[in-house]
Amino acid sequence: MTTAAVTSRVERLANSGIQLIPKEYVRQELTNMGNVFEEEKNNEGPQVPTIDLGDIEAEDEAVRERCHNELKKAAMEWGVMHLVNHGISNELINRVKVAGEAFFNSPFEEKEKYANDQASGKLQGYGSKLANTASGQLEWEDYFFHCVFPEDKRDLSIWPKTPEDYIPAASEYAKQLRGLATKLLAVLSLGLGLEEGRLEKEVGGIEELILQMKINYYPKCPQPELALGVEAHTDVSSLTFILHNMVPGLQLFYEDKWITAKCVPNSIIMHIGDTIEILSNGKYKSILHRSLVNKDKVRISWAVFCEPPKEKIILKPLPETVSETEPPRYLPRTFAQHIDHKLFRKTEEAVEKNQSTEDNKSPEDNQPREDGKRS
């Protein structure tokens, strides 16, 4: 454990009693930021759709088709949705949340035993974002990141040993999420006129699709109107599943404005990722989103990213999604190349932003449209 690692933790900074956040966390692009708790209560305007999966495998064809069509519509119009009656028990979800919170509530000395080392490429473990070399901006969060499925690709040596239920709860949750992903990919395949197993095959199938969990810990922030927990980005994954501790903060960029997602009890948020957007030739959307912070409550989210193998599969629009009137919108790339492309694009945008006059830009011009991160 190094001194640099200890002092870089956002939680430690937040607990120090500061009234003004360091300039590295200040986001000049943020304007007219309201109270996230008030925005979450606002029922006016567009709302993230809620999809009831209770009938996803109903015997009645009409009932089943209605569920499938609602899911397809949400994936095409929004690219994000609240899933209810998803089949994963509230008891298991609560165990995952309790275990994750317990880890972040443990002493810094205990958490630092699991510190990652981004400089050397050791990404799994406890960490905080390092400064982007182009912009120098930081995010108001600490996190714990690790592969949770398949079992043979996990490294349990870097999983928290306390609380004792962390490994059993996270393992069972990942296993059940993997099953849910199969069901959802089947519906999305049918929505494109494909065989139901096609999309799952294209993202790695049963053996190769990898589930990575990132627990995002957003401490209280004395100036939430100036900071972001996670900056605007789209997910590189095929699908992303998110739990949270019922503290609002997720915002989606929909119809040219930021929409604050509701906190829907007993739901799992699902994002369509870039991978599915590319395979569908843009018919399914990977929506731009970001995470806000607040001064009153700690926010925690549990994101699980379902990712294809980095080198084995070429991501490109499937032939069935392409026509003379709908030519391919994306160049063929491996998953690793797609991540690198997004990081390169983001660095270019940051450099251009620093070289431009801010007065000549609207607030949204500064929002990166692509990002290689896992939010």
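- An unreviewed UniProt entry lists the protein under the name Leucoanthocyanidin dioxygenase-like, with Coffea arabica given as the organism.
- In UniProt, the protein has this text filed under Sequence similarities (unreviewed entry): "Belongs to the iron/ascorbate-dependent oxidoreductase family."

Section: the environment of A181
Link 1 in the chain: Residue placement: A181 occurs in helix α7 (residues 166-191).
Link 2 in the chain: Between the C-alpha atom of A181 and that of C306, which follows or precedes it by 125 residues, the distance is 8.2 Å.

Quick notes on the sheet that holds strand β6 (residues 230-233)
Link 1 in the chain: The sheet built from 4 strands is open, its strands ordered β6-β11-β8-β9 with antiparallel pairing. The sheet is open, and its two edges are formed by β6 and β9 (257-260), each paired on a single side. Taking the axes of each pair of neighbouring strands and ignoring which way they run, one obtains an average angle of 20 degrees across the sheet.
Link 2 in the chain: Alignment of strand β8 (residues 250-254) against β9, held across 4 bridges, turns out to be antiparallel. What sits directly across from L252, in β9, is I259.

Structural notes on the packing of aromatic side chains
Link 1 in the chain: Here the structure, examined in full by the defined rule, presents 12 aromatic pairs.
Link 2 in the chain: For the pair W159 and Y166, a centre-to-centre distance of 6.2 Å together with 90 degrees between the ring planes defines the contact as edge-to-face.
Link 3 in the chain: A relative accessible area of 0% means that W159 is categorised as buried.
Link 4 in the chain: Y166 sits in the buried class, given a relative accessible area of 2%.
Link 5 in the chain: Considering the side-chain rings of F253 and W258, the 5.0 Å spacing of their centres and the 55 degrees angle between planes classify their relative orientation as tilted.
Link 6 in the chain: Residue classification places W258 among the buried positions, given a relative accessible area of 15%.
Link 7 in the chain: Chaining the aromatic ring pairs together yields one cluster made of F103, F104, Y114, Y126, F144, W159, Y166 and Y217.
Link 8 in the chain: Across from the ring centre of W159, 5.4 Å away, lies the NZ or CZ of R154, which sits over that ring.

Thresholds applied
- Residues numbered from 1 in each chain as written.
- Predicted model: local features only at pLDDT ≥ 70, side-chain atom pairs only at ≥ 80, totals over all residues.
- Heavy atoms only, no water.
- UniProt positions renumbered as here; feature names shortened; annotations may be inferred.
- Helix = DSSP H or I, 4+ residues; strand = E, 2+ residues; numbered from the N terminus.
- Pairing = 2+ DSSP bridges.
- Axes fitted to C-alpha atoms, helices over the stretch in contact; angles between N-to-C directions.
- Phe/Tyr/Trp six-rings, centres within 6.5 Å; stacked < 30°, edge-to-face > 60°.
- Buried < 20%, exposed > 50% of the residue type's maximum accessible area, 1.4 Å probe, protein only.
- Lys NZ or Arg CZ within 6 Å of the ring centre and 35° of its normal.

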